[in-house]
Amino acid sequence: MPSVSDLYPRGFVAYHRSLETSGWEGPPERFQHLNFGEVSIWFDSERTPAVTRSESAAVLVLGTAAFVPPAARDAESTADLQVVAGALHAALAKSQAHFLDALDYMGGRFAIIVEVDGVYRVFHDAHGTRTIYYDVDRPAFSSHAHLLASLIGGESRGSEALNAARSWAALPLSFAWDETPYPTIRALLPNHVLELESRRTYRYFPRERNRFTGLSFDERASEINRLWLGQMGAFAQNTDRFFVSLSGGLDSRVVLAALREHKDRVDAFTYFTNNGTGNWAQAMQMDRDLSRQVLALADVHHVPIVHGEGARFTEEDKAIADKNSLVEHGRWLVARYVESFGSSTGLHFRGNTQETIRSYYGSTKQRDPIDLVKGLMSSRLKSVNLGEEEIKDYQAKLDATLSQFGYPDALHDFVASDMFYWEIRMGRWLAEIYNETDPAFDSISPMNMRAIVELGLAGPEDERRSGIMFTELIDRNWPELNFPGINNRNNLYKQSIALRESLTDAKSQAAAAPPWIGRAGDKHEHPLSTGPLSMESNNQSVDCPRGEIKIPAEELGVGAFARREMTWSDESSSVLTFSLRSNYVNSRGTDYMRFEVEVNGDTLVAHKIGFDSDTSYWAVYGLRPGDRVSLGVRSLRTVTTESWSRASRCFITVLDSATEYWERRGSLDLGYATTSAAALPGESLRG
C-alpha cells in the first residue's frame, strides 16, 4: 500500500557500469535491478521496464506510456509497455527520423533509453513530467535529483551559495532553466535528449516549422480529440481506476469529459475549505460549489477533501517529501490523497499541461517573444533581493542560456515565450508537483503528447488564449459539462443574460461618451491592458488579470504604486484614450487610494478612488515616441488588509482614438481630458 513515507515512488537511478559506486548506500529496498547493455538500472518494482532488442539497437521504456499511431496508420492504440517498446524499436530500425516521429505520438509519463551501436541516449515524455536529472561529470542519471545526489555524493547548496555561483537554481523552478541546488546535477528539459557517455544534451524538437498550421480549427480539434480519446482507451485496458481532480476550472472538466465512456471507473475529488473569507478560501469554496454542479450532471463517484480534516502531514513526512520533490506546493494534500486513494490502483489524470498552448505569459502581438522572456526573467531576478552587480551578471548569463537552449534560432516558427512556458514552467515546476504527489498515485496528463501540443500551438493566438479548443473538446465528448460556469458561479444561461445586459450598458455608455473618446476596438492586447503589472518600488511582478490593476495586500503602504508601463511608439498618433472603472465607493474613503497617469515619471493627472463607480473616459494627448506612459494605482495610507487590496482594483479598457477629432486639433502639447468628476491635476499633487 502506498505511504507518505515512500522514497522516490516509481523512481529509478541508472549509470554506466564503469562508474565507481562502492561508496553508495544503495537505493530503497523495494527497488529491483537490471542491466541494459552497459547501463546498470535500479527501479521501483511497481514499474518494470519493457525492453526490445536487435543486433544493432535496443529500446527500454520505463513508466506509464500510451502510443496512439498517426491517423494514416492502421495500428491500434496501446498502453502495453512491451508493445510500445516494440513500436519504438521498429521505428528506430527504419531511421532516427522515424523514431522521433513515433515519439511525438507517445503520451504518459515515462523515460526511454535507446542504445544504437554502443551509444546510449535518454528521452522522456513531452513535458518531462517523468523528471530526469543527470550529472555533468559522471555517466549517471535518475528520476529524482536527491536520489542521484545520493549516488554521486552531491551536496545541496543554500540560497547564498546559489547566488554567489550565479545559479538559476536561486530562482523558483519556473525560472531555473536546467539548474538545481546540486552543483553538477542538471535537469533534462522537455524536447531535449541526453547522450549518456558525453553528458551532452541537445534539442530534438521542433525539427521543422509547425506541421499543422494549415489545418482548420475543426481539423485540429478532430485530431486532438482522436489522440486524446486514443490514450484514454489505451489506458483503460490496463487501469482499474481513474482519479480526477475536479475544480471549478476548465482543465479538470476537459479531462472528465474525455472519460465519459469510462465514468464507472472514475473517482473524482475536490479539495476545498468551508471556512474563511480570504482569496484562497473563496476560490476553494467556488471550486466546491461548481464541482457540485458538474457532479449533478456527470454522476461519477466523488471524494470531498476538506481542508483541516483527516490525515495530517507530519515533520517526518516533510523530510521524505523534501527528498522526493524540489517544490513544496500542496504537501497537506499528499497525506489526504494517500488516505483516500492509497488502497486503490489507478492513474491520476491532470489537466495542467493544457496551459502550454494558451499563451499564459501574455500576448506577443506587440512584443518580441524573446523580449517577453527576458522581461519575465528580469522581473523575477529583481524580486529575490539581488544587488545591481549580481543582476548584471545574471542578465549577461541569460543571453548565454537562451543561446544554449536554442532561443529563438532553433525554434523555427514556434513562439519563444510559449516554449519557455512549456519547457521551464511545465518541465520544471509542474513536473516536480507530480513527484510531490507520487506517494498517492501516478499522475499523467492527456495533453502530454507532443503531437497534441503542436496541434494546439498551430492555432492563432486569440484562439489559444480563449481556451475555445478545450470547450470544443468538452462539447464533442460530454456537452452538458459546458453548462456550469468556468471559475464563475454563473452558468451558461446566466452568463448570456449578463452579456446581454453589458452590451445594453455599453451602447448606453457609447451614446453618452464625448466625441473625443473614440470607441472600443482591437486594443485587447495593448501593453497598458495586458503588459506585466509590477510594483514601482522593487519591480516585483503582480499576478493580475488583463485590464485590471490592483495593489496586493502585502504591498500596501504609503506611496506603494502598482502600474503597467509602456514606451509610446505610435508615430501616427499622439493620443491615448481609455475608460476607467472602480467598484469601490465610499465618500469618506477617497483619500486612501488614487489612480494615476504618469508620463516620463511625472503624474499628469489622478483620480480619487472611492468617489463613485461610474465609468469615466480619459484622453492623454501630446505624446511623443519615446515617452514612458504608466497607468497605476497608488496607496496613500498604510492599510494592509485584503479588503483594501480589493478596494484598490481598477479596470482599464484602452480604446481606439477618435482620429479625425484629434487631427483637427493639430499638434498639441502634453495634456489630458476626462469625464471624471474626481480628477486631480498632476500639478496639484506635487506641491
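Details of the structure are given in the entry above.
Calculation rules
- Residues numbered from 1 in each chain as written.
- Predicted model: local features only at pLDDT ≥ 70, side-chain atom pairs only at ≥ 80, totals over all residues.
- Heavy atoms only, no water.
- Helix = DSSP H or I, 4+ residues; strand = E, 2+ residues; numbered from the N terminus.
- Rg over C-alpha atoms; globule rule 2.2 N^0.38 Å.
- Contact = heavy atoms within 4.5 Å.
- Areas by Shrake-Rupley, 256 points an atom, 1.4 Å probe, with all protein chains shown as cover.
- Lys, Arg positive; Asp, Glu negative; His and termini not counted.
- Charge placed at Lys NZ, Arg CZ, Asp CG, Glu CD.
- Phe/Tyr/Trp six-rings, centres within 6.5 Å; stacked < 30°, edge-to-face > 60°.
- Buried < 20%, exposed > 50% of the residue type's maximum accessible area, 1.4 Å probe, protein only.
- Lys NZ or Arg CZ within 6 Å of the ring centre and 35° of its normal.
- Arc of directions from axis to C-beta.
- Polar contact = N/O pair within 3.5 Å; in protein donor to acceptor, adjacent residues only side chain to side chain.
- Core = buried A, V, L, I, M, F, W, Y, C linked by side-chain atoms within 4.5 Å.
- Axes fitted to C-alpha atoms, helices over the stretch in contact; angles between N-to-C directions.
- Parallel < 35°, antiparallel > 145°, perpendicular 65-115°, else oblique.
- Left-handed = near helix turned anticlockwise from the far one by under 90°.
- Nonpolar A, V, L, I, M, F, W, Y, C, P; charged D, E, K, R; others polar.
- Pairing = 2+ DSSP bridges.
- Patch = residues over 30% accessible without salt bridge, like charges linked within 9 Å, V, L, I, M, F, W, Y side chains within 5 Å.
- Salt bridge = Lys/Arg side-chain N within 4 Å of Asp/Glu carboxyl O.

Novice: What is the right way to read the overall build of the protein from this model?
Specialist: Of regular secondary structure, the protein possesses 20 helices and 29 strands. In terms of C-alpha radius of gyration, the protein reaches 27 Å, essentially the compact-globule figure of 26 Å for 687 residues. For the protein, the proportion of contacts with a sequence separation of at least 24, taken over those separated by at least 6, is 76%. With the model as given, the accessible surface of the protein reaches about 28,600 Å², and the carbon-plus-sulfur share is 46%. Positive and negative charge centroids in the protein, built from 72 and 91 side chains respectively, lie 4 Å apart.

Novice: What is the right way to look at the packing of aromatic side chains in this model?
Specialist: Two measures describe an aromatic ring pair: the distance that separates the ring centres and the angle between the ring planes. This structure, assessed with the given rule, holds 32 aromatic pairs. Relative to Phe141, the ring of Phe12 lies with its centre 6.0 Å away and its plane at 70°, an arrangement referred to as edge-to-face. Placement of the pair is Phe12 in strand β1 (residues 12-16) and Phe141 in strand β9 (residues 140-142), with a sequence separation of 129 residues. This pair shows no difference in class: Phe12 is buried, exactly as Phe141 is. On the basis of an interplanar angle of 85° and a centroid distance of 5.2 Å, the ring pair of Tyr661 and Trp662 is categorised as edge-to-face. Its relative accessible area of 21% is what places Tyr661 among the partly exposed residues. Through a chain of ring-to-ring contacts, the aromatic side chains of Phe175, Trp177, Tyr360, Tyr361, Phe405, Tyr407, Phe420 and Tyr421 assemble into a single cluster. Over the ring of Phe561 we find Arg634; its NZ or CZ atom is 4.2 Å from the centre of that ring.

Novice: What am I meant to see in helix α2 (residues 96-103) here?
Specialist: Helical periodicity: at 3.6 residues per turn, an α-helix aligns residues three or four positions apart in one direction. Taken together, the buried positions of α2 are Phe99, Leu100, Ala102 and Leu103. Within α2, the buried residues cover an arc of 160° as seen down the axis, which keeps them to one side. Where α2 is buried, its residues touch β5 (57-67), α1 (81-94), β6 (106-116), β7 (119-124) and α13 (450-457). Measuring from the backbone nitrogen of Ala97 back to the side-chain oxygen at the start of α2 gives 3.4 Å, which picks out Ser95 as the cap.

Novice: Is there a simple way to think about the nonpolar core in this case?
Specialist: Soluble, globular proteins show a tendency: their nonpolar side chains are buried together. By size, the foremost hydrophobic cluster in this structure holds 106 residues, and its most contacted members are Ile112, Trp177, Tyr407 and Phe420. Tallying contributions element by element places helix α12 (residues 416-437) first for this core, with eleven residues. Ignoring sequence-local partners within four residues, the contact set of Ile112 consists of Val59, Leu60, Val61, Leu88, Phe99, Leu103, Met106, Arg121, Val122 and Phe123. Counting residues in each nonpolar core, the second largest holds 36 residues, with Ile549, Tyr584, Val605 and Ile652 among its members.

Novice: Whenever I open this one, the packing of helix α10 (residues 369-382) against helix α11 (residues 388-404) confuses me. Can you help?
Specialist: Where α10 meets α11, the axes come as close as 11 Å, and the angle between the chain directions of the two elements is 150°. As summarised for this structure, α10 and α11 are arranged roughly antiparallel, according to the angle between their axes. The element α10 and its partner α11 pack so that their crossing is right-handed. Of the residues in α11, those touching α10 at Val373, Lys374, Met377, Ser378, Leu381 and Lys382 are Ile391, Tyr394, Gln395, Leu398, Asp399 and Leu402. Tallied by class, the residues present in the contact of α10 with α11 amount to seven nonpolar, two polar and three charged.

Novice: Teacher, can you tell me more about the sheet that holds strand β21 (residues 561-567) here?
Specialist: Strand pairs in the sheet, formed through backbone hydrogen bonds, run parallel or antiparallel to each other. Pairing in this open sheet of seven strands is antiparallel, and the strands run β19-β18-β21-β26-β23-β24-β29 from one edge to the other. Single-partner strands in this sheet number two, and they are β19 (541-542) and β29 (679-681). Note: strand β23 (residues 593-599) against strand β24 (residues 602-608), six bridges, orientation antiparallel. In the strand pairing of β24, Val599 is matched with Asp602.

Novice: Could you clarify how one ought to interpret a nonpolar patch on the surface in this entry?
Specialist: A cluster of nonpolar side chains, Leu297, Phe483, Leu492 and Tyr493, forms an exposed patch at the surface whose accessible area comes to about 410 Å². Along the chain, Phe483 turns up in the loop between α15 (468-477) and α16 (492-512).

Novice: Where do I start with the packing of α10 against α12 in this structure?
Specialist: The description of two packed helices rests on the angle between their axes and on the distance between the axes. Put simply, α10 and α12 touch, their axes get as near as 7 Å, and they point 45° apart. As far as their axial angle goes, α12 and α10 are oblique. Along the contact surface, α10 presents Pro369, Ile370, Leu372, Val373, Leu376 and Met377, while α12 presents Ala416, Ser417 and Phe420. Looking at the contact of α10 with α12 residue by residue, the classes come out as eight nonpolar, one polar and no charged.

Novice: Would you explain the sheet that holds β7 in this entry?
Specialist: Pairing in this open sheet of six strands is antiparallel, and the strands run β4-β5-β6-β7-β11-β12 from one edge to the other. One side of each edge strand has no neighbouring strand; the edge strands of this open sheet are β4 (50-53) and β12 (200-203). Looking at each pair of strands side by side, their axes are set apart by 20° on average, direction ignored. With six bridges connecting them, β6 and β7 associate as antiparallel partners. For Glu115, the partnering residue across the bridge sits in β7 and is Tyr120.

Novice: What am I meant to see in the side chain of Thr401 here?
Specialist: Secondary-structure assignment places Thr401 in helix α11. Ignoring anything within four residues of it in the chain, the contact list for Thr401 reads Trp168 and Trp177.

Novice: Hey, could you run me through the pairing of strand β11 (residues 192-195) in this one?
Specialist: As a general feature of sheets, a regular strand has side chains that alternate between the two faces. Every second residue of β11 is oriented toward a common face, with His192 and Leu194 on one face and Val193 and Glu195 on the other, all of them buried. The sheet contact formed by β7 and β11 spans two bridges and is antiparallel. What sits directly across from Arg121, in β11, is Glu195. Looking at chain direction, β11 and β12 are connected through four bridges and run antiparallel. Across the sheet, residue Leu194 finds its bridge partner in β12, namely Thr201. Hairpin connection between β11 and β12: a loop of four residues separates the two successive antiparallel strands, and Arg199 in this loop has a positive phi of roughly 55°.

Novice: What should I look at first to understand the side chain of Arg564 in this one?
Specialist: Structurally, Arg564 is set in strand β21. It is Glu548 that comes nearest to the buried, bridge-free Arg564 among opposite-charge side chains, at 7.9 Å. Among the polar contacts listed, one links the side chain of Arg564 to the backbone oxygen of Gly531, at a separation of 2.6 Å. For Arg564, the side chain forms a polar contact with the main-chain oxygen of Glu548, separated by 2.6 Å.

Novice: What is the right way to look at α15 in this model?
Specialist: Considered for burial, the residues of α15 that qualify are Met469, Phe470, Leu473, Ile474 and Asn477. The arc that holds every buried residue of α15, seen down its axis, measures 145°, which confines them to one face. Looking at the buried positions of α15, the neighbouring elements they touch are α5 (217-236), α6 (250-258) and α14 (461-466).

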